[in-house]
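These are the residues of each chain, in order.
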Amino acid sequence: MNIFRRLFKVSQSEAHSVINRLEDPIKMTEQGIRDLKRDLQGAIIGLAEVKGVAVRLTKEAEDAKRQVAEYERKAMLLLQRGQDGQMDVAQAERLATEALTQKEHASERATRLLRDAEQQQRMAAQLQERMNQLKTTVTTYENELITLRARAKTAASTKKINQQLAQIDSSSTITMLERMKQKVEEDEALAQAYGEVADVDNSVDAEIDRALAGSQAATAQNQLAELKAKMGITS
């Protein structure tokens, strides 16, 4: 009994502790409950036997009480017949004395049997109380086993998840994320630089085109003036 009390005290702690401290708490508990049920079955048989003895002794005591009354009745009948002349008075008194002696023996036997029957009944009551306690213990342990199974399952799942999480290198992951962030920032800066360069190139090209356009316009004006002079046009 003590080993099972200790077992269920352990089950009241964290499920992780149970798994770590016991090789297989579920199987140990199941075996313990099977042992308790076997003890309970033996207690039921023992209780039935004690009650059977108590019933038998009570019946024998009742029979002895009836014999007490019967021997007294016979003694009185013998004395009556001696008084009525139906038999010799001396013989009647002798037989009446024998009947009273048997009555005394029967009375002593009835008293002893009743005492023994009461003792058996007290023992049966004690066994009944202990058997009820054993039934309650079995029920309690079965409920504890249900809880223990659930906690063990939860603990195993949690342990598995924690092991998987523990295998993840958070420092390397953070380093990788920082490198990715740095590269993205570099790419963004480079893209912006290319954009600015493109804008500069476009403005230079535009300025060159404007300068060339101005030169071409001046040349056209000179050619026009020369042509007018050649033709004698003064305006």
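Since the model is a prediction, treat every value here as computed from it, not as a measurement.

Focus: the overall build of the chain
Part 1 of the argument: Helix and strand counts for the chain stand at five helices and zero strands.
Part 2 of the argument: Residue pairs at least 24 apart in sequence account for 81% of intrachain contacts in the chain once pairs closer than 6 positions are excluded.
Part 3 of the argument: Summed over all atoms, the accessible surface of the chain reaches about 17500 Å², with 54% contributed by carbon and sulfur.

Things to note about the environment of Gln 41
Part 1 of the argument: Looking at the element boundaries, Gln 41 is found in helix α3 (residues 25-84).
Part 2 of the argument: Taking the C-alpha atoms as reference, Gln 41 lies 9.3 Å from Met 131; in sequence the two are 90 residues apart.

Focus on α3
Part 1 of the argument: The first and last C-alpha atoms of α3 sit 88 Å apart over 60 residues, in line with the 88 Å expected at 1.5 Å per residue.
Part 2 of the argument: Taken from the residues just after α3, Gly 85 is the one with a positive phi, measuring 85°.

Some details on the nonpolar core
Part 1 of the argument: Of all hydrophobic cores here, the largest spans 14 residues; its most connected members are Ile 26, Ile 33 and Leu 36.
Part 2 of the argument: Counting only elements with at least two residues in this core, the list comes to α3 and α4 (89-166).
Part 3 of the argument: Top contributing element to this core by residue count: α4, with eight residues.
Part 4 of the argument: One finds Ala 75, Leu 78, Met 87 and Ala 99 within the second-largest nonpolar core, a separate group that totals six residues.

Focus: the packing of α3 against α4
Part 1 of the argument: Two elements in contact, α3 and α4, have axes whose closest approach is 5 Å; the angle formed by their N-to-C orientations is 165°. Here α3 is positioned roughly antiparallel relative to α4, judged by the angle of their axes. The element α3 and its partner α4 pack so that their crossing is left-handed.
Part 2 of the argument: The residue inventory of the contact of α3 with α4, partitioned by class, reads 40 nonpolar, 11 polar and 14 charged.

Details of the environment of Lys 74
Part 1 of the argument: Considering the arrangement of structural elements, one finds Lys 74 in helix α3.
Part 2 of the argument: Separated by 25 residues in sequence, Lys 74 and Ala 99 place their C-alpha atoms 6.7 Å apart.

Some words on α4
Part 1 of the argument: Here α4 contains 78 residues, and its C-alpha end-to-end distance of 111 Å stays within 8% of the 116 Å for a straight helix at 1.5 Å per residue.
Part 2 of the argument: The opening residue of α4, the one whose side-chain oxygen lies 3.2 Å from the backbone nitrogen of Ala 90, is Asp 88.

Here we look at a negative patch on the surface
Part 1 of the argument: Among the surface-exposed residues, Glu 178, Glu 185, Glu 186 and Glu 188 lie close enough to one another that they form a single negatively charged patch.
Part 2 of the argument: Here Glu 185 lies in helix α5 (residues 170-231).

As for a nonpolar patch on the surface
Part 1 of the argument: A contiguous nonpolar patch, built from Met 176, Leu 177 and Met 180 and spanning about 310 Å² of accessible area, is present on the exposed surface.
Part 2 of the argument: Structurally, Leu 177 is set in helix α5.

A short note on the pattern of salt bridges
Part 1 of the argument: Scanning all chains against the criterion turns up eight salt bridges.
Part 2 of the argument: Linking Glu 70 and Arg 73 is a salt bridge whose minimum nitrogen-to-oxygen distance equals 2.6 Å. In this pair, Glu 70 and Arg 73 both sit in helix α3, three residues apart, roughly one turn of the helix.
Part 3 of the argument: Each member of the salt-bridge network shares a partner with another, and the members are Lys 59, Asp 63 and Arg 66.

What to know about the confidence of the model for the chain
Part 1 of the argument: Averaged over every residue, the pLDDT of the chain is 80; residues scoring 70 or more account for 76%.
Part 2 of the argument: Of all helices and strands in the chain, the one with the weakest mean pLDDT is helix α2 (residues 15-21) (49), whereas α3 scores best (91).

Parameters at a glance
- Residues numbered from 1 in each chain as written.
- Predicted model: local features only at pLDDT ≥ 70, side-chain atom pairs only at ≥ 80, totals over all residues.
- Heavy atoms only, no water.
- Helix = DSSP H or I, 4+ residues; strand = E, 2+ residues; numbered from the N terminus.
- Contact = heavy atoms within 4.5 Å.
- Areas by Shrake-Rupley, 256 points an atom, 1.4 Å probe, with all protein chains shown as cover.
- Expected span 1.5 Å × (residues − 1).
- Core = buried A, V, L, I, M, F, W, Y, C linked by side-chain atoms within 4.5 Å.
- Buried < 20%, exposed > 50% of the residue type's maximum accessible area, 1.4 Å probe, protein only.
- Axes fitted to C-alpha atoms, helices over the stretch in contact; angles between N-to-C directions.
- Parallel < 35°, antiparallel > 145°, perpendicular 65-115°, else oblique.
- Left-handed = near helix turned anticlockwise from the far one by under 90°.
- Nonpolar A, V, L, I, M, F, W, Y, C, P; charged D, E, K, R; others polar.
- Polar contact = N/O pair within 3.5 Å; in protein donor to acceptor, adjacent residues only side chain to side chain.
- Patch = residues over 30% accessible without salt bridge, like charges linked within 9 Å, V, L, I, M, F, W, Y side chains within 5 Å.
- Salt bridge = Lys/Arg side-chain N within 4 Å of Asp/Glu carboxyl O.
- Lys, Arg positive; Asp, Glu negative; His and termini not counted.
- Charge placed at Lys NZ, Arg CZ, Asp CG, Glu CD.
- pLDDT = per-residue confidence, 0-100.

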